[in-house]
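# Residue-level structure breakdown
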Amino acid sequence: MERELVELFQAAKKAADAAFDDGATSKSPEVSRCVDALKQLKSFPVSFEALLSTQVGKKLRQLKKHPCKIINSMALDVLEVWKNIIIAETAKNKNNGCSGGKLETKMEKADSIEVATSETVVFEKIHKNDKLKASTPSSGPVKVCNAFCIS
């Protein structure tokens, strides 16, 4: 999925660059190719994680400043759709507390977690303001200090 997202963006960017270099009008083939790729991006099923890992949203912002109004407008539309997806996913994760979220991978905030390397640790957070509860199937509760979930 991420590969297809990047390929679609690259097609749009390449066509936009060609349209800019040629000083193309809104009826040129380069502009049509770019608009078609942007339409595909707009309807492409993306997630917050895919946008974050590929950084396509940041790169697409460059097309907001394109001199061709059609490309400019389509880029703005795509970014608006993606912004709404991010807001919806963030709100969903926020309402669910930690469920569906991920434990901070850098472990900057987890001061002490001691678990044997082969054990599975289950994290759960019942309410928004509760502390994070961790347990292992074999030994029961595990002490977790200052851990938090990200969404």
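Right above here is the structure, for reference.
Residues numbered from 1 in each chain as written. Predicted model: local features only at pLDDT ≥ 70, side-chain atom pairs only at ≥ 80, totals over all residues. Heavy atoms only, no water.

## Considering the overall build of the chain
Note the following rule: Strands here are runs of E lasting at least two residues and helices are runs of H or I lasting at least four, both read from the DSSP assignment and numbered beginning at the N terminus. Relative accessible area decides the class of each residue, using a 1.4 Å probe on protein chains only: under 20% of the type maximum gives buried, over 50% gives exposed, and in between gives partly exposed. Only heavy atoms enter the contact rule, under which two residues are in contact if any of them lie within 4.5 Å. We get accessible surface area from the Shrake-Rupley algorithm with a probe of 1.4 Å; when it comes to residues, only the shown protein chains can shield them.
Along the chain, the regular secondary structure elements total 5 helices and 5 strands. Seen in sequence order, the chain has helices and strands lined up from the N terminus as α-α-α-α-α-β-β-β-β-β. The buried share of the chain, reckoned over its 151 residues, is 30%. Look at the contacts in the chain between residues 6 or more apart in sequence, and 61% of them connect residues 24 or more apart. Surface exposure of the chain reaches about 10,000 Å², of which carbon and sulfur atoms provide 52%.

## Quick word on the side chain of His 66
Defined as follows: Think of a polar contact as two N or O atoms within 3.5 Å of one another; within protein, one of them needs to be a possible hydrogen donor and the other a possible acceptor, and neighboring residues in sequence only count if both atoms come from side chains.
Tracing the backbone shows His 66 in the loop between helix H4 (56-60) and helix H5 (69-95). In this structure the side chain of His 66 is engaged in a polar contact, spanning 2.9 Å, whose partner is the backbone oxygen of Ala 16. Polar contacts involving the side chain of His 66 include one to the main-chain amide nitrogen of Cys 68, which spans 3.1 Å. If sequence neighbours within four positions are ignored, His 66 has contacts with Ala 16, Ala 19, Phe 20, Ile 71 and Asn 72.

## Focus on the pattern of salt bridges
Convention followed: For salt bridges, the criterion is a side-chain nitrogen of Lys or Arg within 4 Å of an Asp or Glu carboxyl oxygen.
Overall, the coordinates contain 4 salt bridges when judged by the stated rule. Where Glu 4 meets Arg 3, a salt bridge forms, and the shortest distance between an N and an O atom there is 3.8 Å. The class for Glu 4 is partly exposed, based on a relative accessible area of 31%. Note on Arg 3: relative accessible area 57%, which makes it exposed. Shared partners join several salt bridges into a network, and the residues in it are Arg 3, Glu 4 and Glu 7.

## Re unusual backbone geometry
Look at Gln 55: it is not a glycine, yet its phi comes out positive at around 60 degrees. Its location among the elements puts Gln 55 in the loop between helix H3 (48-54) and H4.

## Thoughts on H5
Which entries qualify depends on this criterion: For a helix, the expected span equals 1.5 Å multiplied by the residue count minus one.
With 27 residues, H5 extends 39 Å between its outermost C-alpha atoms, agreeing within 8% with the 39 Å of an ideal straight helix rising 1.5 Å per residue. For H5, the set of buried residues is Ile 71, Asn 72, Met 74, Ala 75, Val 78, Leu 79, Trp 82 and Asn 93. Contact partners of the buried residues in H5: helix H1 (2-22), helix H2 (29-43), H3 and H4.

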